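Chain by chain, the residues:
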Amino acid sequence: MKYLDCVEVIAEKPEYAKEGVHKGMHGVIWEPEPDNGSWDVLIPQCGEKEDIADLYIKEEDLKLVPIMNAAVNEEIKAQFERSEPTAKDLEKKADDLSDYLI
């Protein structure tokens, strides 16, 4: 791998998910050299939207792709946002004490 190569994340790991990066997302290598076996990868969204992340990802968790597709990143991001509980969901659970035992 080298600077400006297009890559796909091929592993789902907590340290990547914490930054909003999930398996299947595309990015570009953003530094000319790896750091301790990890590459600095920029994970963008389409157009002028803020990037999802700029983080170090282990080389074994990446594969080269011929073309980066930021639309894939937005689709994957949306899937994870729909599956995460919202503040409203958490409020409902806090008020529902019907299963509470003393």
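Refer to the preceding data block for the structure.
Below you will find a few notes about this structure. (Residues numbered from 1 in each chain as written. Predicted model: local features only at pLDDT ≥ 70, side-chain atom pairs only at ≥ 80, totals over all residues. Heavy atoms only, no water.)

### With respect to the pattern of salt bridges
Under the criterion given, the structure shown has four salt bridges. For the salt bridge of E74 with K49, the shortest nitrogen-to-oxygen distance reads 3.0 Å. In this pair, E74 sits in helix α2 (residues 70–83) while K49 sits in the loop between β3 (38–43) and β4 (53–58), placing the two residues 25 residues apart along the sequence. Its salt-bridge partner being K77, residue E81 comes within 4.0 Å of it at the nearest N-O pair. Placement of the pair is E81 and K77 together in helix α2, with a separation of four residues, close to one helical turn. (Salt bridge = Lys/Arg side-chain N within 4 Å of Asp/Glu carboxyl O. Helix = DSSP H or I, 4+ residues; strand = E, 2+ residues; numbered from the N terminus.)

### Quick word on the environment of I57
You can see I57 is positioned in strand β4. Linking I57 and I29, residues 28 residues apart in sequence, is a C-alpha distance of 9.6 Å. Each residue touching I57, except ones within four places of it in the same chain, is listed here: V9, Y16, V21, G37, S38, W39, V41 and L62. (Contact = heavy atoms within 4.5 Å.)

Read these as layout, nothing more, since geometry by itself doesn't imply function.
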